[in-house]
Amino acid sequence: MSEIKKTAKSKKTVVILAALVLVIAAAVVIWLTVGNKSEDSPAATGTGDTKSLEQTFYIYDTVVNIKVFGDTVEQKNMDDIQAMLERMDIEFSRTKTNGELYAVNQAAGKEAVAVSDETLDIVKLSLKYAEEMDGLYDPTVGPLVDLWAIGEGGDHVPDQAAIDKARSLTNYKDVIVDEAAKTVKLAKEGMVLDMGGIGKGYAADRIADYLKSKGLNSAMINLGGSSIIALGSKPNGSQWNIGLQDPDQSRGSQLGTIKVTDEVVDASGVYERFFMQDGVRYHHILDPRTGFPSQNGLKSITIMSPSATDADALSTGVFLMGLEDGMKYLEALPEKVEAFFITDDNKIYATSELKKRLNLTDSTYQFAD
């Protein structure tokens, strides 16, 4: 009997490891093309007369790929970036016990917690986005995220009573920030801050800031395929060519391409983390108003913006607004933000300027009239 258990456990371990390898391999493929084959190959190389350095990290529970071009690029730059990512990964995690956000959540309803400038900054930004989007993006959605556990073993719809309780603890207005004391406090016990909605975008922006401070102005920064910064242009002056994720296919498939220079591409969709129950797809984009994953006829939204943090927050909040209200919201923004929505019937709705730039390569998708 013990041998059977050991064999079963061994098989389970092999399956888990195989699945992890497949996830990482798929994420490495990502939805990114930057031109010719020499640019796609890894490691430190020379592209024409320009030196380049590329490195891949597994952090933020995702594969991060960074490729930098410039005669002055060196391994120390990648080491600095890795240290930066590892620091933020701990600071902003709601599950890592040595993190600042974890400490804030543990002290919910009890006391304020002193945090670093970086953590204070991302919390303040998250509250700004929440206010601007009337709570559709909400950094206190943690109780709902934990309850549904989509992508982390959750495979069924929770009880309505549990959803109602989690919703009662979701309200960005109950986050108290004291800038002078550099503290953050959650007003109610059981509240959970979750920076998952903007964490990747914030990290991508910090990497871009670091590279620019070192005079490195040509790079591709890719956090898991969902948050990409094309920094500057390619070494020869041409634009980067970005592949756009097909929401009905596995990670790495694309529906088209777009050329970008010094711009962010950020996507959210129902295809990334989900489970099926009674023929309904329950995905990871949770609506604070209902406590349920959104069911508004959208498959995905892709945001193009100068700021990865802005794009990350918008891709969540605007998705929850739905097609019509989301389009109106984006068009009313003072800053230059473009986007395209994909609906359940495979129609693409794009802001006017972005529609001109999209090159569709999959006939499954068509622009809406």
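Refer to the preceding data block for the structure.
Quantities reported herein were computed from a predicted structural model and do not represent experimental measurements. (Residues numbered from 1 in each chain as written. Predicted model: local features only at pLDDT ≥ 70, side-chain atom pairs only at ≥ 80, totals over all residues. Heavy atoms only, no water.)

1. Let's talk about the sheet that holds strand 6 (residues 183–186)
(1) Moving on: With respect to topology, three strands assemble into an open sheet ordered 4-6-5, the strand pairing being antiparallel. Strands with a single pairing partner mark the edges of an open sheet, and in this sheet they are strand 4 (113–114) and strand 5 (175–178).
(2) Moving on: One ladder, built from two bridges, connects strand 4 with strand 6; its direction is antiparallel. Looking at strand 6, one finds that Val113 is bridged to Val184.
(3) Moving on: Contacting strand 5 and strand 6, helix 5 (residues 117–132) crosses the sheet at an angle of about 130 degrees to strand 5. (Pairing = 2+ DSSP bridges. Helix = DSSP H or I, 4+ residues; strand = E, 2+ residues; numbered from the N terminus. Contact = heavy atoms within 4.5 Å. Axes fitted to C-alpha atoms, helices over the stretch in contact; angles between N-to-C directions.)

2. Remarks on helix 5
(1) Moving on: For helix 5, built from 16 residues, the straight-helix expectation of 22 Å at 1.5 Å per residue is met to within 8% by its first-to-last C-alpha distance of 22 Å.
(2) Moving on: Three or more residues of helix 5 are buried, namely Glu118, Thr119, Leu120, Ile122, Val123, Leu125, Ser126, Leu127, Tyr129 and Ala130.
(3) Moving on: On the buried face of helix 5, the contacting elements are helix 3 (75–91), helix 4 (100–106), strand 5, strand 6, helix 8 (199–213) and helix 9 (308–321).
(4) Moving on: Backbone geometry just downstream of helix 5 places Asp134 in the positive-phi region, at approximately 55 degrees. (Expected span 1.5 Å × (residues − 1). Buried < 20%, exposed > 50% of the residue type's maximum accessible area, 1.4 Å probe, protein only.)

3. Quick look at the packing of aromatic side chains
(1) Moving on: All told, the structure shown has seven aromatic pairs when counted by the stated rule.
(2) Moving on: Here the aromatic rings of Trp148 and Phe275 are separated by 6.3 Å at their centres, their planes lie at 25 degrees, and the arrangement is stacked. With Trp148 in helix 6 (residues 142–148) and Phe275 in strand 12 (residues 274–277), this residue pair connects regions lying 127 residues apart in the sequence.
(3) Moving on: In this structure Trp148 comes out as buried when scored by relative accessible area, which is 1%.
(4) Moving on: We classify Phe275 as buried; its relative accessible area is 6%.
(5) Moving on: Judged by centre distance (5.4 Å) and plane angle (70 degrees), the rings of Trp148 and Phe292 are edge-to-face. Linking Trp148 in helix 6 with Phe292 in the loop between strand 13 (280–283) and strand 14 (298–305), this pair joins segments that are 144 residues apart in sequence.
(6) Moving on: You can call Phe292 partly exposed: its relative accessible area is 24%.
(7) Moving on: Three or more aromatic residues joined by ring pairs make a cluster, and in this case those are Trp148, Phe275, Tyr282 and Phe292. (Phe/Tyr/Trp six-rings, centres within 6.5 Å; stacked < 30°, edge-to-face > 60°.)

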